[in-house]
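Coordinates in review
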Amino acid sequence: MSSAPLPSGLIVLKSYSEEDIEIEALRLQNSIKQMSLWDLETCRTIAPLTLEINELKREKDVFLIAHSYQTPDIVYGVADSVSDSYSLSKAARDAPQSTILFSSVRFMAETAKIVSPHKTVIHPSPEAGCSLSDSITAEDVRKLKEKYPGVPVACYINTSAEVKAEVDVCVTSSNFLKICEKLPGNRIIFVPDSLMGKHLTEHLAGKKEVINYDGECYVHATFTGAKIRSWRERSLVQGLDLKVLSHPECDADVLAESDVVGSSEKLMNEALKLSQEGKPDIMLITECGTADRVRAESENEINLIGTCVMCKYMKMTQLEDILQSLRAPRPEQIIELDSEVIQRAQYSLNEMFRLAE
Ligand code: 13P
Ligand code: SF4
């Protein structure tokens, strides 16, 4: 990101004393830990937003969940829980608050509603989709089931509630290999991520045939194995011990070149562990939010090599959208799902919780 997301001036901000603003700005700066983008002046500008959001959360009994790919002002300024999609589904299910505000893309907010249908779920950016969840409909799944009767269907969590309602089990980046291995029979249908499906096919070779779909994450599909090889060569010349950490939405040649493959949360934790062990030269093959979190949370030297790619959907939500939707959500910012869809989708998510543990 070349500049920090600043308030657009479209909503009127509450006024706070100079002292309150200063204390909040320092808190933000110390937790975001990116002086070049979030300097003290920028933190002073966003302080009225984070102060009011945190007040409204308490007043309205709201639990604010943010995916790791949200911007650092959201992650470190207002979120109560930040992680990967598996842990956040559990956080949404278990939160005692009556309302969940999910700062992320639409399918994650829908998942929160499915696992906790009696809670109000606010999604500040209804237009924030995902190239994977947009690649498949419930009708597409019904056609696959007709073509391959009796074959278990696993869907990646990056799908709509209607798609989840059609399948036998949901999986995430942290458990897809483990869960798919446990499904009965010698064939499975895996939707919609073709690259993750390719990785699964290799993992299950000789045990199960994988019937794959053709969706992909437009962010992770941009990385190539050749790029990693060239960075490894350059690092070797410079005497660096480069460690490559990749998300399983990347292509198989990327994963083959990687030292660690895992969910956004796993990649962050592994990077922190490596820096603690004195191995600071790390290449993070994923969305830029993971690098922001590593920078903020590492207490040791860290040298992030290469560039990350930003997800335009994940970056649609800004603090102003969160504040506006907390003050008075528009109807399209409240997740409403058909009760039968919820019930059927709950089955596939509960199967995920059962098989993942
Ligand atoms: P994680 O579950 O690893 O956070 O992945 C979600 C996602 O959308 C990655 O692009
Ligand atoms: Fe979807 Fe990819 Fe963005 Fe994740 S990074 S939300 S998979 S488009």
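In what follows, the structure referred to is the one given above.
Notes on the structure in this doc start here. (Residues numbered from 1 in each chain as written. Chains lettered and ligands numbered in written order. Predicted model: local features only at pLDDT ≥ 70, side-chain atom pairs only at ≥ 80, totals over all residues. Heavy atoms only, no water.)

Y69, C130, S131, L132, N158, C217, Y218, V219, E249, C311, Y313 and M314 make up every residue found near ligand 2. Considering only residue class, the shell around ligand 2 consists of nine nonpolar, two polar and one charged. (Near = heavy atom within 4 Å. Nonpolar A, V, L, I, M, F, W, Y, C, P; charged D, E, K, R; others polar.)

Time to look at the pairing of strand β7 (residues 187–191). Taken across its five residues, β7 has four buried, putting it largely inside the fold. Of the strand pairs in this sheet, strand β5 (residues 153–156) and β7 are connected by three bridges, and their pairing is parallel. Along β7, the bridge assignment pairs A154 with F190. Remark: the β7/helix α9 (residues 194–204)/strand β8 (residues 209–212) crossover connection has right-handed handedness. (Buried < 20%, exposed > 50% of the residue type's maximum accessible area, 1.4 Å probe, protein only. Helix = DSSP H or I, 4+ residues; strand = E, 2+ residues; numbered from the N terminus. Pairing = 2+ DSSP bridges. Right-handed = clockwise from strand over helix to strand, strands pointing away.)

A word on the packing of helix α5 (residues 106–115) against helix α15 (residues 339–356). Any two packed helices are characterised by how steeply their axes cross, that is the angle between the axes, and by the distance between the axes. Orientation of α5 relative to α15, taken along the N-to-C sense of each, is 95°, at an axis distance of 9 Å. By the angle between their directions, the pair α5 and α15 is classed as roughly perpendicular. Contacts between α5 and α15 pair T111, K113, I114 and V115 from the former with I342, A345, Q346, L349 and F353 from the latter. Split by residue class, the contact of α5 with α15 holds six nonpolar, two polar and one charged. (Axes fitted to C-alpha atoms, helices over the stretch in contact; angles between N-to-C directions. Parallel < 35°, antiparallel > 145°, perpendicular 65-115°, else oblique. Contact = heavy atoms within 4.5 Å.)

The next thing to look at is the pattern of salt bridges. All chains considered together, the criterion is met by 27 salt bridges. E55 serves as the salt-bridge partner of K14, at 2.7 Å between the closest nitrogen and oxygen. Remark: E55 occurs in helix α2 (residues 40–59) and K14 occurs in the segment before α1 (18–32); sequence separation between them is 41 residues. Residue K14 is classed as partly exposed on the basis of its relative accessible area of 39%. E357 is the partner of K90 in a salt bridge, and the nearest nitrogen-oxygen pair spans 3.3 Å. (Salt bridge = Lys/Arg side-chain N within 4 Å of Asp/Glu carboxyl O.)

One finds I65, C180, I189, F190, L200 and M352 to be the most contacted residues of the largest nonpolar core, which totals 67 residues. With eight residues, α15 is the largest single contributor of residues to this core. The residues contacting I189, other than those within four sequence positions of it, are L144, Y148, V151, P152, V153, A154 and I211. Formed by 27 residues, the second largest nonpolar core is a distinct cluster that contains I11, A66, Y76 and L319. (Core = buried A, V, L, I, M, F, W, Y, C linked by side-chain atoms within 4.5 Å.)

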